[in-house]
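Structural characterization, general
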Amino acid sequence: MTISTRGAAKAPAVLVLEDGRAFRGRAYGAVGETFGEAVFSTGMTGYQETLTDPSYHRQVVVMTAPHVGNTGVNDEDPESQQIWVSGYVVRDPARVPSNWRSQRSLDEELERQGVVGISGIDTRALTRHLRERGAMRVGIFSGDAVADEATLLARVLEAPEMVGADLSAEVATKETYVVPAIGTKKFTVAAIDLGIKGMTPHRMAERGIEVHVLPATATLDEVYAVRPDGVFFSNGPGDPATADHPVSVMQGVLERKTPLFGICFGNQILGRALGFGTYKLKYGHRGINQPVQDRTTGKVEVTAHNHGFAVDAPLDKVSDTEFGRAEVSHVCLNDQVVEGLQLLDQPAFSVQYHPEAAAGPHDAAYLFDRFVSLMEGQRA
């Protein structure tokens, strides 16, 4: 990525997809060029949480909501220490933010962090194109980086694909840190950071859990050195087929029958640990309005998603695995994609979506209580 931070509001820009389709608009944020996987998010709110979610590393996010940036940017809502998206695509950015919590505009924040974006394009047409053709590589070029489309397309085709990308260690913490329990400490949890969002340990801390956040490279011995009552595997970017180390660590946790909970990438890790495969979705699930059914209760939840891969597990039967019987516990009602797994013979479960969902909805917050119940049961 090459960037300049001058003239972002006026510079011409062009977005080029790997199949050759191009959209022309104006620069938004930093001026320069950037590459990634083009994906779209259907959320109408929570753009600050989206931008700072490490799971979006190496992705160019297209916002389907036409107006973005109305509430500006503050220093309280980020999910991590930086913006992780490779690029940002909006139709009609706010000219002036209007919110009592706003400290600066979204355009200014993108420029400050060197994130190249584009505005003024038909995001509806782009989204429909991605729904038909699938997520694909893309480049955004503005200012001096703009050239003829054939040259820009060649640059896009040189960029790496998401399939086969091993990215979790690039976004995870390098050193272990502790998020203390709020109020009386009840449990200790070892959380493997594969791209964890800040709200996740906070949701556990609210329930009296002291969370030790460990690097993605943590070994099984390092996990158990904190004497955990439970082990958590976080969300994160990349292809789960590359995550051999986290899979091995999780299998060690399952062998010890320690209560286990996984979110998003953690769900895919559990799938692999149980012997299921994973696969790339055509265009993925991203946004805060995805309907999911908890098959253990029959309840339907509106949920927050960010995943481009899924677990290939049977929906119609209980499966026998090395660690006991397993079943699909949650399913997406839009397309029947596996959205959760649980073991029936030991305390382990996972979901593909985001129950921490700082920007909402909060229908799935009960899953943290379910994790607490597993640890209470194990202690009893």
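For every chain, the first residue of the written sequence is number 1, and numbering continues from 1 onward in sequence order. Side-chain atom pairs in this predicted model are given and counted only at pLDDT of 80 or more, local residue features only at pLDDT of at least 70, and totals for whole chains, interfaces and linings cover all residues. Remark: hydrogens and water are excluded; side-chain values derive from all non-hydrogen atoms of the structure.

1. Quick look at the nonpolar core
- We call a set of buried Ala, Val, Leu, Ile, Met, Phe, Trp, Tyr and Cys residues a nonpolar core when their side-chain atoms join them within 4.5 Å. Burial classes follow relative accessibility: with a 1.4 Å probe on protein chains only, a residue under 20% of its type's maximum area counts as buried, one over 50% as exposed, and anything between as partly exposed. In terms of nonpolar packing, the biggest core is built from 34 residues, with Val-223, Phe-233, Met-250, Leu-254 and Leu-274 touching the most fellow members.
- Among the secondary structure elements, those contributing two or more residues to this core are strand E12 (187-192), helix H7 (220-224), strand E14 (230-233), helix H8 (244-256), helix H9 (265-273), strand E19 (324-332) and strand E20 (338-343).
- Helical segments are the DSSP runs of H or I of at least four residues, strand segments are the runs of E of at least two, and each set is numbered from the N terminus. No other element matches the 5 residues that H8 contributes to this core.
- By definition in these notes, contact holds between two residues if any of their heavy atoms fall within 4.5 Å. In this view, Phe-233 contacts Ile-192, Leu-194, Pro-246, Val-249, Met-250, Leu-260, Phe-261, Gly-262, Ile-263 and Gly-266; residues no more than four positions away in its chain are not counted.

2. Concerning the pattern of salt bridges
- For this document, the term salt bridge refers to a Lys or Arg side-chain nitrogen within 4 Å of an Asp or Glu carboxyl oxygen. Inspection of every chain in the model, using the stated rule, returns 20 salt bridges.
- Here Asp-294 and Arg-370 are joined by a salt bridge, their closest N and O atoms 3.0 Å apart. Placement of Asp-294 in strand E16 (residues 277-294) and of Arg-370 in helix H10 (residues 366-379) is noted, with a sequence separation of 76 residues between them.
- Through salt bridges with shared partners, a single network forms among Asp-75, Arg-104, Glu-109 and Arg-112.

3. A short note on unusual backbone geometry
- Omega for the bond connecting Gly-360 with Pro-361 falls within 30 degrees of zero, at -5°, which places this linkage in the cis form.
- You can see Pro-361 is positioned in the loop between strand E21 (348-351) and H10.
- Although it is not a glycine, Arg-227 adopts a positive phi angle of roughly 55°.
- Tracing the chain through its elements places Arg-227 in the loop between H7 and E14.

4. Remarks on the UniProt feature "domain: Carbamoyl-phosphate synthase small subunit N-terminal" (unreviewed entry) in the protein
- UniProt positions are given in the numbering used here, feature names are shortened, and annotations may be inferred rather than shown by experiment. As annotated in UniProt, the feature "domain: Carbamoyl-phosphate synthase small subunit N-terminal" (unreviewed entry) corresponds to residues 11-141 in the numbering used here.
- As a span, residues 11-141 carries 18% helix and 36% strand, and end to end its C-alpha atoms are 10 Å apart.

5. Things to note about the domain arrangement of the protein
- Here the protein is described as being made up of domain 1 (6-158) and domain 2 (168-379).
- Domain start and stop positions are those given by an automatic or database domain assignment. A separation of 29 Å is found between the C-alpha centroids of domain 1 and domain 2.
- Domain 1 puts 24 residues into the contact, and the matching count from domain 2 is 22 residues.
- Summed over both partners, the accessible area (1.4 Å probe) lost when two parts come together is defined as the buried area. Both sides of the domain 1 and domain 2 interface together cover about 1900 Å² of buried area, and 48% of this is carbon and sulfur.
- Between the two partners, domain 1 and domain 2, sit 1 salt bridge.
- One salt bridge connects Glu-37 with Lys-280, and the closest N-O pair in it is separated by 2.7 Å.
- Polar contact is defined as a pair of N or O atoms within 3.5 Å, subject to the rule that within protein one atom must be able to donate a hydrogen and the other to accept it, and that residues adjacent in sequence are counted only when both atoms are side-chain atoms. Summed over the shared surface of domain 1 and domain 2, the result is 14 residue pairs in polar contact (both at pLDDT 80 or more).
- Of all elements in the fold, only strand E4 (31-41) and helix H3 (123-133) reach the threshold of two or more residues within the side of domain 1 that touches domain 2.

6. Quick word on the UniProt feature "binding site: L-glutamine" (unreviewed entry) in the protein
- Per the UniProt record, "binding site: L-glutamine" (unreviewed entry) is annotated on Ser-55, Gly-236, Gly-238, Phe-265, Gln-268, Asn-306, Gly-308 and Phe-309. Spatial clustering of the annotated residues is evident: they stretch over 255 residues in sequence, but the largest pairwise C-alpha distance comes to 13.3 Å.
- Relative to the elements of secondary structure, Phe-265 occurs in helix H9.
- Phe-265 has contacts with Leu-194, Ser-234, Asn-235, Gly-236, Pro-237, Gly-238, Asp-239, Pro-240, Ala-243 and Gln-352, leaving out every residue within four places of it along the chain.
- Along the chain, Gln-268 falls in helix H9.
- According to the relative accessible area criterion, Gln-268 is buried, its value standing at 3%.
- Gln-268 has contacts with Pro-240, Thr-278, His-307, Phe-309, Ala-310, Val-311 and Gln-352, leaving out every residue within four places of it along the chain.

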